[in-house]
Amino acid sequence: MDGISDVAVGVKRGSDELSMYNSPNSGMSSISDGASNGSDNKKPRVEEAPPSRVLHIRKLPNEASDTEVIALGLPFGKVTNILTLKGKNQAFLEMGTEEAAITMVNYYKTVNPHIRNVPIFIQYSNHKELKTDAGNQRTQAVLQAVSAVQSSGSPSSDVQEVLTAASSPVLRIIIDNMFYPVTLDVLQQIFSKFGTVMKIITFTKNNQFQALLQFSDPVTAQQAKLALDGQNIYNSCCTLRIDFSKLVNLNVKYNNDKSRDYTRPELPAGDGQPSLDSTIAAAFSKDSSSLLGKIPGALNPLSAAAAAAAAAGRVALAGQAGSSGVLLVSNLNEEMVTPQSLFTLFGVYGDVQRVKILYNKKDSALIQMSDANQAQLAMSHLNGQKMYGKIIRVTLSKHQTVALPRDGLDDQGLTKDYANSPLHRFKKPGSKNFQNIFPPSATLHLSNIPQDVTEDDLRLLFSNAGGTVKAFKFFQDRKMALIQMSTVEEAIQALIDLHNYNMGGNQHLRVSFSKSTI
């Protein structure tokens, strides 16, 4: 059954997926569509092909996998075939019915489809069906298995067995390896792909984040369990462990970020938590099997890009409901932390405007980013990371701005204004830095290295920052390099200490987290 969950969610990237989809044409006979051309720089044709159950998908990012393309179609019905034209950044997706294809095209006219944060184009193909070679059995087997789970038609006997094994509409969900925060809203986005989510209660037990989630009927719960159990929400972390709850109905008293009853938007927030914006609550109380059309970007919550947006929970969902660009960071090492160290670390994920270490509580600080999106991005990447030996907690603050001390008042340097800092990474619109935002990792990317600086110089510099250098690699032009520390914490420390380090000749080293390893 591995293949099913692999495709049903559409983001797990493992070696099995590579072996499944490593041939350029997925073992199918090559066909081309009237509109296809290599780089696709020509303007799309004005005349549209008539509706067909075969869809032509263009402008795919280079690294897009078949799994991600299949995930685009799954919520609308059976996907019966796929053909990828790797060199042309295009694919053909065959839906089970023309009606499913029409629904999908109409939906994506209102919500722009994205894969890996890249906008893509979907239109009807001139083909009425995809002809495939017999050599493509693996893809076919997976597609059939997925279709069986997706349809309530006649799943194969082993799928049937699982579907009749339980009768509760309530799932118990445990998140393993929780590297990013996972919120109630993230779960709602993921599970509502399978049907109407009625209620969710989240809690922490035995130091593990858990949730109870109630669907409108047991069959939907069974299908969701079958497709999602063992999947990762974000790349290589936040693994879903799902079983059936003994409860058959959940009793939710409050609608806040810990619990929610989508059938009763009028419930109080309780506990001082902000309640959902009323328009959003109303949208939720409607049938949420409509693919979360009300929530932009929620279609593919299991893609890596969603880590940033979705991990901010309530605010990512309800941008207008009290979102601010100010973060509250707590459990800091008060002996070591400075406004500058926070500016440098949080500056990896956005342009820090002001930092205030709290005078009466020096293990906490307020950090004002330039907007709410950057605040969410920083929170999703830095909450739970280790800084100066302590695991820091990052949440959204209720403050809208960070106040500067009154004129003439000395607050011992605890508040700093960085509004005009030359070190902001994201000032230029469209800067490459936007594409190079990665979670903290043990491997750092170095740039702006002077020509006369050697590997030994850099190894020495980074080991003096208090860490152990495990590996080093120059890029071809020697202006950039990768350096691997022994832990993520050491890499965070090295970045804080050495980003903007003067290498001589007024050349300052640039340090960021890398997605690669050496």
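An unreviewed UniProt entry lists the protein chain under the name RRM domain-containing protein, from Channa striata.

A. Summary view of unusual backbone geometry. Phi at Asn89 takes a positive value of approximately 55 degrees, unusual for a residue other than glycine. Tracing the chain through its elements places Asn89 in the loop between β2 (79-85) and β3 (90-95). A positive phi angle is found at Asn448, which is not glycine, with a value near 65 degrees. Along the polypeptide, Asn448 turns up in the loop between β20 (443-447) and α14 (455-464). Relative accessible area serves as the criterion here: at 32%, Asn448 is assigned to the partly exposed category.

B. Looking closely at the environment of Phe346. For Phe346, the position within the fold is in helix α12 (residues 339-346). In this structure the C-alpha to C-alpha distance between Phe346 and Leu382, which are 36 residues apart in sequence, comes to 8.0 Å. Apart from the residues lying within four places of it in its own chain, the contact partners of Phe346 are Leu327, Val329, Val352, Ile367, Met369, Ala378, Leu382, Ile392 and Val394.

C. Focus on the sheet that holds strand β10 (residues 232-234). Pairing is antiparallel in the open sheet, where six strands are placed in the order β10-β11-β7-β9-β8-β12. Two strands in the sheet have a free side with no partner beyond their single neighbour: β10 and β12 (259-261). If you compare each strand with its neighbour and ignore which way they point, the axes differ by 25 degrees on average. As judged from the eight bridges shared by strand β8 (residues 197-205) and strand β9 (residues 208-215), these two strands associate in the antiparallel manner. From the neighbouring strand, Phe203 faces β9, where its bridge partner is Gln210.

Rules of the game
Residues numbered from 1 in each chain as written. Predicted model: local features only at pLDDT ≥ 70, side-chain atom pairs only at ≥ 80, totals over all residues. Heavy atoms only, no water. Helix = DSSP H or I, 4+ residues; strand = E, 2+ residues; numbered from the N terminus. Buried < 20%, exposed > 50% of the residue type's maximum accessible area, 1.4 Å probe, protein only. Contact = heavy atoms within 4.5 Å. Pairing = 2+ DSSP bridges. Axes fitted to C-alpha atoms, helices over the stretch in contact; angles between N-to-C directions.

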